[in-house]
Amino acid sequence: MIKYIHNLHKKYIQKKFEYSHAGQDIFAKNLIGKNGTYLEVGAYLPVKNSNTYLLESKYNWRGISIEMDINHKDAWLNNKERKNKIYFEDALSFKYKERLIENNLPLHINYLSCDIDPTFNTYNALKMIINEGISFDFISFEHDEYFRKNCTNDINDYHALAINFLKKNNYKIAIDNVYPKNKPEKLFETWFINNSITFDKIEYIEWKKLNL
């Protein structure tokens, strides 16, 4: 019975919400369609909790990924569906512009997934990339707000810092208060889009009802 319920959940509830933490891949696909481009900072594993697996394997997106943890290298090398380039390097010293050009990718990319640990590294990587002159249609920025609110230490509000930085660089909030799967108490991300795109800001819980 337990296995039966699990299979029903996977088939009817999980649906497309199977790979990414919160449906970032679905938002990117809905926004851009097929044959898009991505830059993934913090790739983790090639399939599990991947923001780009679905885009590459099903919708023919091209891009590059960066992952510092070499413990994941074998998983990537052994996955035959992931053909796009992955670099096992430090995201804070990575030559983004140079690598995009090397891989015949434009300097305006459809989707930036920015998610490394700890959060101040994610924010510093974001600033590096934008300051290199690379632009995007959609940016998912992981700020781990739930952790900051539950921590007794004095931690910077990287959620607010990212909003202010990106607003100055021609981006606006599309989806706010994003949480992973069914954990609404763990607000961990904000999704931004380029100001050139017409999109009315919506809370994640509402977007999720319509799309996942």
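Just so you know, these numbers come straight off a predicted model, no measurement behind them.

## Considerations on the sheet that holds strand β3 (residues 85-87)
Stage number 1. Here eight strands make up an open sheet; going across it, the order is β3-β2-β1-β4-β5-β7-β6-β8 and the pairing mixed. With one partner strand each, in any of the chains shown, β3 and β8 (202-203) form the two edges of the open sheet.
Stage number 2. Helix α2 (residues 24-32) rests against β4 (108-114), β5 (135-142), β6 (171-178) and β7 (189-194) of the sheet, and its axis sits at about 165 degrees to β5.

## Some points on the packing of helix α6 (residues 119-131) against helix α8 (residues 158-168)
Stage number 1. Relative orientation of the contacting elements α6 and α8 amounts to 5 degrees, with a least axis distance of 10 Å. With respect to α8, the axis of α6 lies roughly parallel. On α8, the residues touching Thr119, Phe120, Tyr123, Leu126, Lys127, Ile130 and Asn131 of α6 are Tyr158, Leu161, Ala162, Phe165 and Leu166.
Stage number 2. The residue inventory of the contact of α6 with α8, partitioned by class, reads nine nonpolar, two polar and one charged.

## Observations regarding the environment of phenylalanine 88
Stage number 1. Structurally, phenylalanine 88 can be placed in the loop between β3 and α5 (96-102).
Stage number 2. In this structure the C-alpha to C-alpha distance between phenylalanine 88 and alanine 43, which are 45 residues apart in sequence, comes to 9.5 Å.
Stage number 3. With near-sequence residues (within four places) excluded, phenylalanine 88 lies in contact with Glu67, Asp69, Ile70, His72, Lys73 and Trp76.

## Overview of the confidence of the model for the protein
Stage number 1. With 87% of its residues at a pLDDT of 70 or more, the protein shows a mean pLDDT of 89.
Stage number 2. Scored below 50 in pLDDT, residues 1-14 shows four contacts in the model against residues more than four places distant or in partner chains.

## A short note on the pairing of β7
Stage number 1. For β7, the buried fraction is high: six of the six residues fall into the buried class.
Stage number 2. Side-chain alternation along β7 places Glu189, Trp191 and Ile193 on one buried face and Thr190, Phe192 and Asn194 on a second face that is also buried.
Stage number 3. In terms of strand pairing, β5 meets β7 through five bridges, oriented antiparallel. Across the sheet, the residue bridging to phenylalanine 138 is isoleucine 193, located in β7.
Stage number 4. Sheet topology note: the β6/β7 ladder contains five bridges and is antiparallel. Among the inter-strand pairings, valine 178 is bridged to a residue of β7, identified as glutamate 189.

## Observations concerning the side chain of aspartate 144
Stage number 1. As for its placement among the helices and strands, aspartate 144 is situated in the loop between β5 and α7 (145-149).
Stage number 2. No salt bridge is formed by the buried aspartate 144. Its closest oppositely charged neighbour is lysine 186, at 9.0 Å.
Stage number 3. Setting aside residues up to four positions removed in sequence, aspartate 144 forms contacts with Asp117, Thr119, Leu187 and Phe188.

## What about α8?
Stage number 1. Within the span of α8, buried status applies to Tyr158, His159, Ala162, Ile163, Phe165 and Leu166.
Stage number 2. For α8, the N-terminal cap is aspartate 157; the gap from its side-chain oxygen to the backbone nitrogen of histidine 159 is 3.2 Å.
Stage number 3. The first or second residue beyond α8 is asparagine 170, which carries a positive phi of 80 degrees.

## Points about the packing of aromatic side chains
Two aromatic rings are characterised by how far apart their centres lie and by the angle between their planes.
Stage number 1. Counted according to the given criterion, the structure contains 15 aromatic pairs.
Stage number 2. With a centroid separation of 5.4 Å and 50 degrees between ring planes, the pair formed by phenylalanine 27 and tryptophan 191 is classed as tilted. On the criterion of sequence distance, the pair formed by phenylalanine 27 in helix α2 and tryptophan 191 in strand β7 is long-range, its members being 164 residues apart.
Stage number 3. Note on phenylalanine 138 and tryptophan 191: the rings are 5.8 Å apart at their centroids and 70 degrees apart in plane angle, and the pair reads as edge-to-face. One end of the pair, phenylalanine 138, is in strand β5; the other, tryptophan 191, is in strand β7, and 53 residues separate them in sequence. Take phenylalanine 138 and tryptophan 191: they sit in the same class, and that class is buried.
Stage number 4. Taken together, the ring pairs connect Phe27, Tyr111, Phe138, Tyr179, Trp191, Phe199, Tyr204 and Trp207 into an aromatic cluster.

Cut-offs used in this document
- Residues numbered from 1 in each chain as written.
- Predicted model: local features only at pLDDT ≥ 70, side-chain atom pairs only at ≥ 80, totals over all residues.
- Heavy atoms only, no water.
- Pairing = 2+ DSSP bridges.
- Helix = DSSP H or I, 4+ residues; strand = E, 2+ residues; numbered from the N terminus.
- Contact = heavy atoms within 4.5 Å.
- Axes fitted to C-alpha atoms, helices over the stretch in contact; angles between N-to-C directions.
- Parallel < 35°, antiparallel > 145°, perpendicular 65-115°, else oblique.
- Nonpolar A, V, L, I, M, F, W, Y, C, P; charged D, E, K, R; others polar.
- pLDDT = per-residue confidence, 0-100.
- Buried < 20%, exposed > 50% of the residue type's maximum accessible area, 1.4 Å probe, protein only.
- Lys, Arg positive; Asp, Glu negative; His and termini not counted.
- Salt bridge = Lys/Arg side-chain N within 4 Å of Asp/Glu carboxyl O.
- Polar contact = N/O pair within 3.5 Å; in protein donor to acceptor, adjacent residues only side chain to side chain.
- Phe/Tyr/Trp six-rings, centres within 6.5 Å; stacked < 30°, edge-to-face > 60°.

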